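Residue-level structural notes
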Amino acid sequence: MVGAASSSCYASPLCTWFVAACMSVSHGGGDSRQAVALKSSGRSRRSRQQLTKCSGSGSSTTSFGPCNHYNALSSLFGSSSVSLNRNQRRLTRAATASSGGGAMAVAMDMEKEAKVDNKPPTEQRRVVVTGMGVETSLGHDPDTFYENLLQGNSGISQIENFDCSAFPTRIAGEIKSFSTEGWVAPKLSKRMDKFMLYLLTAGKKALVDGGVTEEVMAEFDKAKCGVLIGSAMGGMKVFQDAIEAMKISYKKMNPFCVPFATTNMGSAMLALDLGWMGPNYSISTACATSNFCILNSANHIIKGEADVMLCGGSDSVIIPIGLGGFVACRALSQRNNDPTKASRPWDSNRDGFVMGEGAGVLLLEELEHAKKRGATIYAEFLGGSFTCDAYHMTEPRPDGAGVILCIERALADAGISKEQINYINAHATSTPAGDLKEYQALAHCFGQNPEIKVNSTKSMIGHLLGAAGAVEAVATVQAIRTGWVHPNINLESPDNGVDTNLLVGPEKERLDIKAALSNSFGFGGHNSSIIFAPYK
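Let me begin by describing the structure that accompanies this report. In this text, all values refer to a predicted model and were calculated from it rather than measured experimentally. (Residues numbered from 1 in each chain as written. Predicted model: local features only at pLDDT ≥ 70, side-chain atom pairs only at ≥ 80, totals over all residues. Heavy atoms only, no water.)

This part is about the overall build of the protein. When helices and strands are counted, the protein shows 15 helices and 19 strands. Among the 536 residues that make up the protein, the fraction classed as buried is 57%. Put simply, 82% of the contacts in the protein that link residues at least 6 apart link residues at least 24 apart. Carbon and sulfur atoms make up 52% of the accessible area of the protein, which totals about 21,900 Å². (Helix = DSSP H or I, 4+ residues; strand = E, 2+ residues; numbered from the N terminus. Buried < 20%, exposed > 50% of the residue type's maximum accessible area, 1.4 Å probe, protein only. Contact = heavy atoms within 4.5 Å. Areas by Shrake-Rupley, 256 points an atom, 1.4 Å probe, with all protein chains shown as cover.)

Next comes the structure, spelled out in structure tokens:
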């Protein structure tokens, strides 16, 4: 029951249904090879454009019930106030260009960027992963989830949440058992959309996993703790229910239908619950959402705007309107009689992706902050990048230029060479065009590396849409922690041109990971790549 006074916040985009593409930050360009050369002696990033800020004041109260499974934080949800630092650092970048001198302006910008890049590297705030939380069809904690992946177990099954007998697709990576007991108050649990419930529980579990006890939380500067957990689709069930109620009368509508349908409200509710007053907003870039949130969260830490960030994604659209919408797009597998074989990335007999649902949340911390409190460090976040295909609303760019550029910029941002990457968790959704184009881009970038191993988590849990990148980031960190990479299941007849030597086989494999890349791509041509490595 927190009354959180908000004095400085970041603008949060409302969701636009089905393909929401709101970017919060512009990623710097430049020659990736030059950037790698600069960062080989010390990780440094070019300054990025500051996120738009808004200011206001007020107070709100959220009532969450007692958390029996969360007793270490039992008193964290009481009233608290945090004094805001009025002298926050503000980064600005001025860009000048005359309206009639386009070519000259570009040349001047390139020269200016080159001068910036030639500056000596400065001390870099490092970002590490200290906690993880998941809600998936294969488990509700990172260890159970990853053990199921290592065993090659499939979470794809017949849909039970509603009668879908009239649909050509009747299978999904549906979560069969889920409880909010001890995490969310029963009253709110009945009103909220599942995407928010998954988000809240996974977020709190990430804190518990990160050893954030009551005593530890008391030492946090809450003005430098933020939440950035996005969603591609938002509260579609709440919205669908509101439409049905409207057919009777507007008086029958849930008074919370608007706020509980928006993509930003999950992050907002978790921040209200925790009293965290740092960066708080949502990003929605379709199926690339989670990676955008993770990279932006890391950037907040690097820039000194936050010390701790809960970040990731959540989605739950296995409902009639969600299933019907993707069926109309002709995007889904119709292998209804053999659900566990339906998701088959890179296999020549694939016939579309399988919908999944759930949430993934990472607890990111500034390295010295984590060390000071004695946190267990799972991995280090090295960097990442975003690009746009600028080609088609749903189809991948044929030449793969957008994906290749994204990977190259991610390597530059991380300050490592492509030879240092030896594990890739691919986007690979089991679609005819998408799988092959991503594979070709990966082969172009890493095909000469004999150590490279590639797999797709979606072969077992389906496509979690806006949550996919975060859940796959958890799988990537788990691979670093355990030294095992999970198999690619259902890869029985590889596509022509696919070299299976690059892919993990049908059984788990041992791999001493040097650095790991995780890709996520979304409708609208959104490309994202993020990189993790063992902490040293």
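Looking now at the layout of surface pockets. Its boundaries defined by the atoms lining it, the second largest pocket holds a volume of some 670 Å³. Every residue lining the second largest pocket is counted, 35 residues in all, and those nearest its centre are Thr394, Pro396, Thr431, Gly434 and Phe523. Secondary-structure elements contributing two or more residues to the lining of the second largest pocket are helix H13 (432-446), strand S18 (516-522) and strand S19 (526-533). Top element by residues in the lining of the second largest pocket is H13. It accounts for 6 residues. (1 Å grid on protein atoms, 1.4 Å probe; cavity = no way out; pocket = protein on both sides within 12 Å on 5 of 7 lines; lining within 4 Å. Points joined across faces, edges and corners; volume = space filled by probe spheres on them.)

Turning our eyes to something else, we now look at a negative patch on the surface. On the surface, a cluster of negative charge is made up of Asp141, Asp143, Glu147 and Asp209. By the secondary structure assignment, Asp141 is in the loop between strand S6 (127-135) and helix H3 (142-150). (Patch = residues over 30% accessible without salt bridge, like charges linked within 9 Å, V, L, I, M, F, W, Y side chains within 5 Å. Salt bridge = Lys/Arg side-chain N within 4 Å of Asp/Glu carboxyl O. Lys, Arg positive; Asp, Glu negative; His and termini not counted. Charge placed at Lys NZ, Arg CZ, Asp CG, Glu CD.)

This brings us to the pattern of salt bridges. On inspection of all chains with the given rule, the structure shows 21 salt bridges. Linking Lys224 and Asp307 is a salt bridge whose minimum nitrogen-to-oxygen distance equals 3.8 Å. With Lys224 in the loop between helix H6 (214-219) and strand S9 (225-230) and Asp307 in the loop between helix H9 (289-302) and strand S11 (308-315), this pair connects stretches of sequence that are 83 residues apart. Exposure remark for Lys224: the relative accessible area of 23% places this residue in the partly exposed category. With its nearest N and O atoms 2.9 Å apart, the salt bridge here joins Glu492 to Arg344. Here Glu492, found in the loop between strand S16 (484-485) and strand S17 (509-510), pairs with Arg344, found in the loop between helix H10 (320-328) and strand S12 (358-366); they are 148 residues apart in sequence, far enough to count as distant. What makes Glu492 exposed here is its relative accessible area of 53%.

Contact geometry of H9 with helix H15 (residues 468-482) gives a least axis separation of 5 Å together with a crossing angle of 65 degrees. Relative to H15, H9 is oriented roughly perpendicular. For the pair H9 and H15, contact is made by Ser290, Asn291 and Ile294 and by Ala468, Gly469, Ala470 and Ala473, respectively. Residues belonging to the contact of H9 with H15 are distributed by class as follows: 4 nonpolar, 3 polar and no charged. (Axes fitted to C-alpha atoms, helices over the stretch in contact; angles between N-to-C directions. Parallel < 35°, antiparallel > 145°, perpendicular 65-115°, else oblique. Nonpolar A, V, L, I, M, F, W, Y, C, P; charged D, E, K, R; others polar.)

The subject of this paragraph is the nonpolar core. In this structure, Phe145, Leu362, Leu364 and Phe532 are the most contacted members of the largest nonpolar core, which totals 50 residues. Tyr198, Phe220, Cys257 and Leu363 belong to the second-largest nonpolar core, a separate cluster that totals 38 residues. (Core = buried A, V, L, I, M, F, W, Y, C linked by side-chain atoms within 4.5 Å.)

Here we take up unusual backbone geometry. Excluding glycine, residues mostly carry a negative phi; peptide bonds, for their part, are mostly trans. Of note in this structure, Ser430 is not a glycine but carries a positive phi near 85 degrees. If you trace the backbone, Ser430 turns up in the loop between strand S14 (423-425) and H13. For Leu465, which is not glycine, the phi dihedral falls at a positive 55 degrees. Positionally, Leu465 belongs in the loop between helix H14 (458-461) and H15.

The next point concerns the environment of Asn280. Checked against the element boundaries, Asn280 lands in the loop between helix H8 (265-274) and strand S10 (284-285). Along the primary structure Asn280 and Gly226 are separated by 54 residues, whereas in three dimensions their C-alpha atoms are 5.5 Å apart. Of note is the side chain of Asn280, whose polar atom sits 3.5 Å from the backbone oxygen of Val227. (Polar contact = N/O pair within 3.5 Å; in protein donor to acceptor, adjacent residues only side chain to side chain.)

On to H10. Here H10 has its buried residues at Gly322, Leu323, Gly325 and Phe326. Taken around the axis of H10, the buried residues stretch over an arc of 160 degrees, which confines them to a single face. The elements touched by buried residues of H10 are helix H7 (236-246). Just past H10, the residue Arg330 takes up positive phi, approximately 60 degrees. (Arc of directions from axis to C-beta.)

Attention now goes to the packing of aromatic side chains. Here a ring pair, both rings aromatic, is described through the centre-centre distance and the interplanar angle of the planes. Summed over the entire model, instances satisfying the criterion amount to 6 aromatic pairs. Measuring from centroid to centroid gives 6.2 Å for Phe162 and Phe167, while their planes differ by 85 degrees, and the two rings are edge-to-face. Taking the centre distance of 5.3 Å and the plane angle of 15 degrees together, the rings of Phe256 and Phe260 count as stacked. We classify Phe260 as buried; its relative accessible area is 4%. Over the ring of Tyr378 we find Arg481; its NZ or CZ atom is 4.0 Å from the centre of that ring. Directly above the aromatic system of Trp484 lies the positively charged group of Lys508, at a separation of 4.5 Å from the ring centroid. (Phe/Tyr/Trp six-rings, centres within 6.5 Å; stacked < 30°, edge-to-face > 60°. Lys NZ or Arg CZ within 6 Å of the ring centre and 35° of its normal.)

Turning our attention to the sheet that holds S18. If you walk across this open sheet you meet the 9 strands as S9-S11-S12-S6-S13-S19-S18-S14-S15, and the pairing is mixed. Either end of the sheet is taken by a strand with one partner, and the two such strands are S9 and strand S15 (453-455). Adjacent strand axes in the sheet meet at a mean angle of 25 degrees, parallel and antiparallel pairs treated alike. Relative to strand S13 (residues 379-388), helix H12 (residues 401-414) is tilted by about 145 degrees, and along the sheet it contacts S13, S18 and S19. (Pairing = 2+ DSSP bridges.)

This next bit is on the side chain of Glu357. Relative to the elements of secondary structure, Glu357 occurs in the loop between H10 and S12. Put simply, Glu357 is tucked away with no salt bridge, and the nearest opposite charge, on Lys194, sits 4.8 Å away. Side chain to side chain, Glu357 and Tyr198 meet in a polar contact 3.5 Å long. Once residues lying within four places of it in the same chain are set aside, the contact partners of Glu357 are Glu135, Thr136, Gly173, Glu174, Ile175, Tyr198, Asp315, Ser316, Ile318 and Leu464.

On to the pairing of S9, then. Among the 6 residues that make up S9, 6 are buried, leaving the element largely enclosed by the rest of the structure. The alternating pattern of S9 places Cys225, Val227 and Ile229 on one face and Gly226, Leu228 and Gly230 on the opposite face, and all of these are buried. Here S9 runs beside S11; their pairing, made up of 6 bridges, is parallel. By the bridge assignment for S11, Val227 is matched with Leu310.

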